[in-house]
Amino acid sequence: TGSSRPQRILKAVQKNATKGDPQSVISAIDYYCRHKEWAMNVGDDKGLILDSVLTEVNPSMALELGTYCGYSSVRIARLLSPNSKLITVEFNPAFAAIARQIIAYAGLQDKVTIVEGASGDLIPKMKERFGLKSFDFVFLDHWKDRYVPDTKLLEDCGLLRKGTVLLADNVICPGAPEYLKYVRNNPRYESRYYPSVLEYTKAEDGLEKSVFLG
Ligand SMILES: O=C(NC/C=C/[C@H]1O[C@@H](n2cnc3cncnc32)[C@H](O)[C@@H]1O)c1cc([N+](=O)[O-])cc(O)c1O
Ligand SMILES: [Mg+2]
């Protein structure tokens, strides 16, 4: 049988990027997915917004839901301060295996922990497993109908603190309408929409940044 799209993305990284250079890994994936084969990475346009929000928050503990090939894990981890960590959750073992190799190729394996499993099962175990109090930053980029239940779960498990920033991909395309309703009409969140485009296309999409007010 042939290769998978994630495997072809890994090959493109190994062929075109420089080991230990996160920016070259990001550029290699963006080039491949823009010119050869589309893939659901947050991409370069929305990636710049992710970078700026992340730099502003400067999280010690970051969480990503939906690793896929690890593109946004690399984008996030490359901007973390020393001793800061990213935990990224992925339930497809094949995708997790590719992401692990791409994150390692970028030289960011010491900053990123990939946890295999379903977010709904793993979130309640995070405190005990990682001895953490709360997350400073959460990037939501997994199945869009999981954004609301997992946000509620993060609240209920005491994993959000006053000021934690949630950043959600695809709130327009494919869309996360229930999530927008949840965070925008909620006194516990201060929400703002960052307009952009769907990765590697001209279609409208954007990121929703929501600050948890405690
Ligand atoms: O569907 C999209 N993303 C879903 C992402 C899914 C990824 O997160 C994992 N996952 C899902 N629920 C999970 C629960 N727990 C753990 N991993 C999970 C899946 O195994 C996959 O690796 C999408 C689609 C488009 N699009 O244009 O169609 C564009 C985008 O930017 C997208 O993000
Ligand atoms: Mg996405």
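Conventions used here
Numbering of residues starts from 1 in each chain and follows the order in which that chain's sequence is written. Here chains are named by letter from A upward and ligands by number from 1 upward, in the order in which they appear as written. Note on the predicted model: pLDDT of at least 70 is required for a residue's local features to be given, and 80 or more for side-chain atom pairs to be given and counted; whole-chain, interface and lining totals, by contrast, use all residues. Excluding hydrogens and water, the side-chain figures rest on all heavy atoms present in the structure. Because no water is among the atoms considered, metal sites can look incomplete, with donors defined as N, O and S atoms within 2.8 Å of the metal, or 3.2 Å for Na, K and Ca. For each residue, the accessible area found with a 1.4 Å probe, counting protein chains only, is set against the maximum for its type, and the residue is called buried under 20%, exposed over 50%, and partly exposed in between. Secondary structure elements are taken from DSSP: a helix is a run of H or I of four residues or more, a strand is a run of E of two residues or more, and numbering for both begins at the N terminus. Throughout, a residue-residue contact means that at least one pair of heavy atoms, one from each residue, lies within 4.5 Å. By convention in this text, a residue qualifies as near a molecule or strand provided that one of its non-hydrogen atoms is within 4 Å of it. Two N or O atoms count as a polar contact when they lie within 3.5 Å, although within protein this holds only if one can serve as hydrogen donor and the other as acceptor, and sequence-adjacent residues are included solely when both atoms are side-chain atoms. We get accessible surface area from the Shrake-Rupley algorithm with a probe of 1.4 Å; when it comes to residues, only the shown protein chains can shield them. Two strands pair if DSSP finds at least two bridges between them. Lines are fitted to the C-alpha atoms to define the axes, a helix being fitted only along its stretch in contact, and any angle between axes, read from their N-to-C directions, falls within 0 to 180 degrees. Orientation categories follow fixed angle ranges, with anything under 35 degrees roughly parallel, anything over 145 roughly antiparallel, 65 to 115 roughly perpendicular, and all other angles oblique. Residue type decides the class: Asp, Glu, Lys and Arg count as charged, Ala, Val, Leu, Ile, Met, Phe, Trp, Tyr, Cys and Pro as nonpolar, and the leftover types, Gly among them, as polar. How far a helix is expected to stretch is found by multiplying one less than its residue total by 1.5 Å.

1. Examining the coordination of the magnesium ion (ligand 2)
Link 1 in the chain: For the magnesium ion (ligand 2), every protein donor is listed as Asp141 (OD), Asp169 (OD) and Asn170 (OD1), and the spread of their distances is 2.0 to 2.2 Å.
Link 2 in the chain: For Asp141, a relative accessible area of 13% puts it in the buried group.

2. Looking at the side chain of Lys46
Link 1 in the chain: With respect to the secondary-structure elements, Lys46 resides in helix α3 (residues 43-57).
Link 2 in the chain: Judged by its relative accessible area of 0%, Lys46 falls in the buried class.
Link 3 in the chain: When residues no more than four places from it in sequence are discounted, the contact partners of Lys46 are Asp169, Asn170, Ser196, Val197, Leu198, Glu199, Asp205, Gly206 and Leu207.

3. Some details on the site of ligand 1
Link 1 in the chain: Neighbouring residues of ligand 1: 21 residues in total, closest Glu90, Ser119, Asp141, Asn170 and Glu199.
Link 2 in the chain: One nitrogen or oxygen atom from the side chain of Asn170 is found 2.7 Å from an oxygen atom belonging to ligand 1.
Link 3 in the chain: Glu199 places a polar side-chain atom, nitrogen or oxygen, 2.5 Å from an oxygen atom of ligand 1.
Link 4 in the chain: When ligand 1 sits alone it has 680 Å² of accessible area, and the protein chains cover 89% of it.

4. Describing the sheet that holds strand β2 (residues 85-90)
Link 1 in the chain: With respect to topology, seven strands assemble into an open sheet ordered β3-β2-β1-β4-β5-β7-β6, the strand pairing being mixed. Each edge of the sheet is formed by a strand with only one pairing partner; in this case those strands are β3 (112-116) and β6 (189-197). Neighbour-to-neighbour, the strand axes of the sheet open up by a mean angle of 15°, direction not taken into account.
Link 2 in the chain: Direction of pairing for β2 relative to β3: parallel, over a ladder of five bridges. By the bridge assignment, Thr88 is partnered in β3 with Ile114.
Link 3 in the chain: Along the sheet face, α3 touches β4 (135-140), β5 (160-168), β6 and β7 (204-212) and points at about 150° away from the line of β6.
Link 4 in the chain: Set on the sheet, helix α8 (residues 147-156) makes contact with β1 (61-65), β4, β5, β6 and β7; between it and β5 the angle comes to about 165°.

5. Observations regarding the environment of Asn83
Link 1 in the chain: Looking at the element boundaries, Asn83 is found in the loop between α4 (71-77) and β2.
Link 2 in the chain: Judged by relative accessible area, which is 73%, Asn83 ranks as exposed.

6. Description of the packing of helix α1 (residues 5-16) against helix α5 (residues 93-105)
Link 1 in the chain: Put simply, α1 and α5 touch, their axes get as near as 10 Å, and they point 10° apart. Judged by the angle between their axes, α1 and α5 are roughly parallel. Residues Pro6, Gln7, Ile9, Leu10, Val13 and Gln14 of α1 form the contact with α5, whose own contacting residues are Phe95, Ile98, Gln101, Ile102 and Tyr105.
Link 2 in the chain: Taken together, the residues that form the contact of α1 with α5 break down as eight nonpolar, three polar and no charged.

7. Focus: α3
Link 1 in the chain: Between its terminal C-alpha atoms α3 stretches 20 Å, which fits the 21 Å expected from 15 residues at 1.5 Å a residue.
Link 2 in the chain: For α3, the set of buried residues is Gly43, Lys46, Gly47, Ile49, Leu50, Asp51, Val53, Leu54 and Val57.
Link 3 in the chain: Considering only its buried residues, α3 is in contact with α2 (22-35), α4, β4, β5, β6 and β7.

8. Brief notes about the pairing of β7
Link 1 in the chain: A large share of β7 lies buried, amounting to seven of its nine residues.
Link 2 in the chain: Note: β5 against β7, four bridges, orientation antiparallel. Of the residues in β7, the one forming a bridge with Val165 is Val211.
Link 3 in the chain: Where β6 and β7 come together, nine bridges link them in antiparallel fashion. In the sheet register, Val197 faces β7, and the bridge partner there is Glu204.

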